[in-house]
Amino acid sequence: MVHSAYDSFEVLSGCSPKIDAIASYGSRLLLGCSDGSLKIYGPDSSGSDRSPPSDHHALRNEPYALERTVSGFSKKPILSMEVLASKELLLSLSESIAFHRLPNLETVAVLTKAKGANVYSWDDRRGLLCFARQKRVCIFRHDGGRGFVEVKDFGVPDMVKSMSWCGENICVAIRKEYVILNATNGALSEVFPSGRLAPPLVVFLPSGELLLGKENIGVFVDQNGKLLQADRICWSEAPTNVIIQKPYAIALLPRRVEIRSLRVPYPLIQTLVLQNVRHLLPSSNAVIVALENSVFGLFPVPLGAQIVQLTASGNFEEALGLCKLLPPEDSSLRAAKEGSIHIRYAHYLFDNGSYEEAMEHFLSSQVDITYVLSLYPSIVLPKTTMVPEPEKLMDISPDASYLSRASSGLSDDMDSLPAHLIESEENAALESKKLSHNTLMALIKFLQKKRNNIIEKATAEGTEEVVLDAVGDNFASYDFSRFKKSNKGRSTIPINSGAREMAAILDTALLQALLLTGQSSAALELLKGLNYCDLKICEETLQKRNHYSALLELYKSNSMHREALKLLHKLVEESKSNQSQAEFTQKFNPESIIEYLKPLCGTDPILVLEFSMLVLESCPTQTIELFLSGNIPADLVNSYLKQHAPSMQGRYLELMLAMNENGISGNLQNEMVRVLDSVQIYLSEVLDWYVDLSAQQRWDEKDYSPTRKKLLSALESISGYNPEPLLKRLPPDALYEERAILLGKMNQHELALSLYVHKLHVPDLALAYCDRVYESVVHQPSAKSSGNIYLTLLQIYLNPRRTTKNFEKRITTLVSSQNTSTPKVGLHTAVKAKGGRGTKKIAAIEGAEDMRMSPSGTDSSKSDGDAEEFSEEGGSTIMLDEVLDLLSQRWDRINGGQALKLLPRETKLQSLCHGVGHRNIILSSFLKEGLAMFHVQNLIPFLGPLLRKSSEAYRNFSVIKSLRQSENLQVKDELYKQRKTVVKITSDSICSLCRKKIGTSVFAVYPNATTLVHFVCFRDSQSMKAVSKGSPLRKR
């Protein structure tokens, strides 16, 4: 026995003769005896514990005494009796069915056709009576007066053993099976066979369903006989009668009364051992059990007391089920009870490892999240929060009078945890279990379910305070500094902000739980959205675990942009120093700082300018584009660049001028003139310095004075000048680096590279020059062969004598040929007065096309014949080391096929195969004579990754080709399906244009496959459209 659901009380005893039938009428009991007499018992008025007057219509928990005996009530023993309360009638089944008026027992009607009936069923809603005799089922209807009218009479295959109304039908147990009898036409439909040993049993449920007995199993079916669920009620023995009194089912077994719950899996609740029980009868407030000579009343224990019993025994599911049956007027008590049980059940599940189920019950209990978080010592919460102890439960003191019961010594003490919970809190094993992955995953789901509601309240609370401050209601009581931060950040929470404080606790705990379970991506998404994470705690947690991306979002959500940018710069620098961590380098690069600064251009331009200086050198183009696209005042940017990065000032001014020449201010125009003048000034100072050192014979090309450094920086960074006049001023035998930069501005890349290689003898500068040219055009749509600049350098390494021959003559010829062309404007034109004011305007710089570097270069567009001419020129010493270094370092930027063509024919390759673009080039050459200058092993650093990349590209393109072919086939298939559309023409089909029937005429179908027209009508409509479009309307 789980708990006591009913208390038994013997209301009468010593009844003679034996009791054959029993019914209850109000507080009275009607007993049909074996001698045909009817005895009426009522509460003993002499008792001192009489029930209050309000209980006059219910069975009382007190002794009963005989009030009246009606002898000769029936000629034969009464088989069954039932009180029809709505009609105030007593129905009795003996040799026939008789109806008597209550309470005087006046005979109303006797159904003579029911003579020999053995079973009946009454439908109180419709006033219909059905009974069975022999192999017939009859239906009578109460006419509202003193009589009954026969409605139907149906035949059945065998004698009926049990029956019950089920909606419009009747469920009948015959032979060894159950059937549904249609009360309208008498049709029978089989349900399933009944048991072989136990008699069949049909029980009508209050929900309108049926419970059918099969041996010791109760099966649920609907009104049509269809099975409702897979679960069954299993009794310990086959019952002879079952009554339903929610939430329990009470069954009469041969030697006892068994009580089971109606909740799946229908557990056993209580067993009452009573011998020789003959009848089981439901009453309004109790269950009546009739023995041969005595009657017991089963009175339900108050629900509150049952809940206490179930909770104390750990049967929490049953306790929660009973809570739902508490009356509506006790809704507050019901909520308190359910909350307390949910908490106890959650603790029980948590201690037994069912963490997710425990969190579901914590969620149902509406307990504060701090209570649940107190179970997790690894979660650090904001210090402003008072976290309750885990042992403290909500104090619930329900109405004692409601829960009291006279026959039970149980109390409703639910304010303290069971002893095993307190002991488990002290157990070290449980503490380690609370830190496990499963417990944290359950906590995450709990917090996520609670989060939406709490965040909405916190947001509404913040909005309300802002509105109140705006209208001045609480002008003096609020600190405006609280709202300086964006609504996403909540690092400091007002003391009176309950919802936001709870939101801060939740988000802080959720972030830590996500990190402890390794869900860094989910933690990052949490910080990117609206959150109330505590800044200090989360910052320490993220720093300890090196979750830098999440830390950046934390700073960003709290408007701590300076701290975020400092961290980002630190990460960029660390990524540069540790190039081996490819993922780390890819995640944190200078471009990430620029991306972070973009949204801040409109709100904090000074901060943008300050931190853009950190990446200006590594990403000059992107940084200047940031200034231009971020709507930062141009004068502010110009003054900041002038102070911190003067070398980039010219480029910025040039781009500003190109974007909006007429819209820039006079100050910027003056700055542009000053920058261009500075190039001439720097050059003049460097030339004077060169003359002085040359006179002293101390000139060294590798000497760099401060002025020369400024000149080189200005020549490289500023492109808004004409390089030709500057090139004329350079001496022919010095300042090769300046000359190389100017030649580069003129797209004379071969000459510039020759200077780096043969004059300066610094191959690294030549490689850096190629990198700058490549990177400047690689992202342009027209840059199809930007890698040709490396082929130009390769040619210089392979043919050093050819590139040095008549070098100075080529430069002189270049300058003289440009002098005979159309005159170019110098560094800048004279400024013009505009509108009588002192503003100046920079004239358009001519030769812009010359300054744009073509993707392929002027000196690199060599044909295959030219390449062979290079390679066949004899007597030249190839710069082997430089060639190998270039091929191995920049293999991914060089056209492999063209590079191999440039190598000398003496190259010994063994079956080398690689793909270039969309084609494969198979190289296989063996020379019968001659010594191989390049061995295969030397070319492995170049050919190895090149072949792998080409193979990968070939595979990828093959997959793409296959996918495109598959897609093409799908489209064709869909096209064929669309073309297979069937149009049915009937005699009623009408042309949509002329509204006449189609008939047998030629017709046309519009693409929607539903609009039909005559072909002639369609052709005429198209002609009319063409005429209306071709001829203009005549004006009147």
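These figures come from a predicted structure and were not determined experimentally. (Residues numbered from 1 in each chain as written. Predicted model: local features only at pLDDT ≥ 70, side-chain atom pairs only at ≥ 80, totals over all residues. Heavy atoms only, no water.)

Draft legend 1. Representation of the overall build of the protein chain within the structure. Secondary structure assignment for the protein chain yields 35 helices and 32 strands. Every one of the 1036 residues in the protein chain was classed for burial, and the buried ones make up 46%. Within the protein chain, contacts between residues separated by at least 24 positions form 55% of all contacts whose residues are at least 6 apart in sequence. As displayed, the protein chain has an accessible area near 53,700 Å², and 51% of this comes from carbon and sulfur atoms. (Helix = DSSP H or I, 4+ residues; strand = E, 2+ residues; numbered from the N terminus. Buried < 20%, exposed > 50% of the residue type's maximum accessible area, 1.4 Å probe, protein only. Contact = heavy atoms within 4.5 Å. Areas by Shrake-Rupley, 256 points an atom, 1.4 Å probe, with all protein chains shown as cover.)

Draft legend 2. Layout of the packing of aromatic side chains. Counted by the stated rule, this structure contains 17 aromatic pairs. Pairing Phe350 with Tyr376 gives two aromatic rings, centres 6.0 Å apart and planes at 80 degrees, and the pair type is edge-to-face. Here Phe350 is found in helix α3 (residues 331-351), whereas its partner Tyr376 is found in the loop between α5 (369-373) and α6 (400-403), with 26 residues between them in sequence. According to the relative accessible area criterion, Phe350 is buried, its value standing at 2%. Between Tyr690 and Trp699, the aromatic rings sit 5.0 Å apart at their centres with planes inclined by 85 degrees, giving edge-to-face as the arrangement. (Phe/Tyr/Trp six-rings, centres within 6.5 Å; stacked < 30°, edge-to-face > 60°.)

Draft legend 3. Representation of the pairing of strand β20 (residues 217-221) within the structure. In terms of burial, β20 is a largely internal element, four of the five residues being buried. Here strand β19 (residues 210-214) folds back onto β20 in antiparallel fashion, the turn holding two residues, of which Glu215 has a positive phi close to 60 degrees. Relative to strand β21 (residues 233-234), β20 is paired through two bridges, and the arrangement is antiparallel. Within β21, the residue paired with Ile217 across the bridge is Cys234. (Pairing = 2+ DSSP bridges.)

Draft legend 4. Representation of the packing of helix α22 (residues 706-717) against helix α24 (residues 736-745) within the structure. Contact geometry of α22 with α24 gives a least axis separation of 10 Å together with a crossing angle of 10 degrees. As the angle between them shows, α22 and α24 are arranged roughly parallel. Where α22 abuts α24, its residues Arg708, Leu711, Leu712, Leu715 and Glu716 lie against Glu737, Glu738, Ile741, Leu742 and Lys745. For the contact of α22 with α24, the class distribution of residues is five nonpolar, no polar and five charged. (Axes fitted to C-alpha atoms, helices over the stretch in contact; angles between N-to-C directions. Parallel < 35°, antiparallel > 145°, perpendicular 65-115°, else oblique. Nonpolar A, V, L, I, M, F, W, Y, C, P; charged D, E, K, R; others polar.)

Draft legend 5. Broad picture of the pattern of salt bridges. Applying the stated criterion to the full structure yields 20 salt bridges. Where Arg28 meets Glu67, a salt bridge forms, and the shortest distance between an N and an O atom there is 2.9 Å. Taken as a pair, Arg28 in strand β3 (residues 28-33) and Glu67 in strand β5 (residues 64-70) lie far apart in primary sequence, 39 residues in all. By relative accessible area, which is 37% here, Arg28 ends up partly exposed. Across the pair Asp153 and Lys113 runs a salt bridge whose closest N-O atoms are separated by 3.0 Å. With a gap of 40 residues between them, Asp153 in strand β13 (residues 148-155) and Lys113 in the loop between β9 (106-111) and β10 (119-123) connect regions that are remote in the sequence. The class for Asp153 is partly exposed, based on a relative accessible area of 28%. Among the ionic contacts, a cluster of salt bridges with common partners joins Lys113, Arg136, Glu150 and Asp153. (Salt bridge = Lys/Arg side-chain N within 4 Å of Asp/Glu carboxyl O.)

Draft legend 6. The arrangement of the side chain of Ser37 in detail. By secondary structure assignment, the location of Ser37 is in the loop between β3 and β4 (38-43). There is a polar contact of 2.6 Å between the side chain of Ser37 and the side chain of Asp35. (Polar contact = N/O pair within 3.5 Å; in protein donor to acceptor, adjacent residues only side chain to side chain.)

Draft legend 7. Region of interest: helix α10 (residues 498-516). For α10, which comprises 19 residues, the first-to-last C-alpha distance of 27 Å matches the rise-based estimate of 27 Å (1.5 Å per residue) to within 8%. Among the 19 residues of α10, 16 are classified as buried, and the element is accordingly described as predominantly covered. Positive phi shows up at Gly518, right after α10, with a value of about 80 degrees. (Expected span 1.5 Å × (residues − 1).)

Draft legend 8. Geometry of the packing of helix α13 (residues 548-557) against helix α14 (residues 561-577). Viewed as axis vectors pointing N to C, α13 and α14 meet at an angle of 160 degrees, and their least axial separation amounts to 8 Å. In terms of orientation, α13 lies roughly antiparallel with respect to α14. When you trace α13 past α14, the crossing you get is left-handed. Residue-level inspection shows Tyr548, Leu551, Leu552, Tyr555 and Lys556 of α13 in contact with α14, the latter providing His561, Glu563, Ala564, Leu567, Leu568 and Leu571. Classifying every residue of the contact of α13 with α14 by side-chain character gives eight nonpolar, one polar and two charged. (Left-handed = near helix turned anticlockwise from the far one by under 90°.)

Draft legend 9. Structural context of the nonpolar core. Residues Ile250, Phe362, Tyr376, Leu443 and Phe446 are the most contacted members of the largest nonpolar core, which totals 110 residues. Looking at this core element by element, the count peaks at 12 residues for α10. In this view, Leu443 contacts Met359, Val372, Leu373, Tyr376, Ile379 and Ala513; residues no more than four positions away in its chain are not counted. Listed in part, the 54 residues of the second largest apolar core include Leu727, Leu767, Leu794 and Val883. (Core = buried A, V, L, I, M, F, W, Y, C linked by side-chain atoms within 4.5 Å.)

Draft legend 10. Structural context of the sheet that holds strand β27 (residues 287-290). Strand order in the open sheet formed by four strands is β1-β28-β27-β26, with antiparallel pairing between adjacent strands. Both outer strands of the open sheet, β1 (6-12) and β26 (279-282), are each paired with one neighbouring strand and no more. Strand-to-strand twist of the sheet, defined as the mean angle between neighbouring strand axes without regard to direction, takes the value 25 degrees. Note: β27 against strand β28 (residues 295-300), four bridges, orientation antiparallel. Bridged to Val287 within β28 is Leu298.

Draft legend 11. Layout of the sheet that holds strand β11 (residues 128-133). Strand order in the open sheet formed by four strands is β10-β11-β12-β13, and the pairing between neighbours is antiparallel. For this open sheet the edge positions go to β10 and β13, each flanked by a neighbour on one side alone. Averaged over all adjacent pairs, the angle separating strand axes in this sheet is 20 degrees, with direction ignored.

Draft legend 12. Broad picture of unusual backbone geometry. A cis amide bond links Lys246 with the next residue in sequence, Pro247, at an omega value of 5 degrees. Along the chain, Pro247 turns up in the loop between β22 (241-245) and β23 (248-252). Cis geometry is adopted by the peptide bond preceding Pro265, which originates at Val264 and carries an omega value of 10 degrees. Tracing the chain through its elements places Pro265 in the loop between β24 (257-261) and β25 (268-272). Backbone geometry at Asn546 places phi at a positive 60 degrees, although glycine is not the residue there. Assignment of secondary structure puts Asn546 in the loop between α12 (535-544) and α13.

Draft legend 13. How the structure looks around the confidence of the model for the protein chain. Summary statistics for the protein chain give a mean pLDDT of 76 and a share of 73% for residues scoring 70 or more. Here residues 385-422 scores under 50 on pLDDT; set against residues more than four positions off or in separate chains, the count is 77 contacts. (pLDDT = per-residue confidence, 0-100.)

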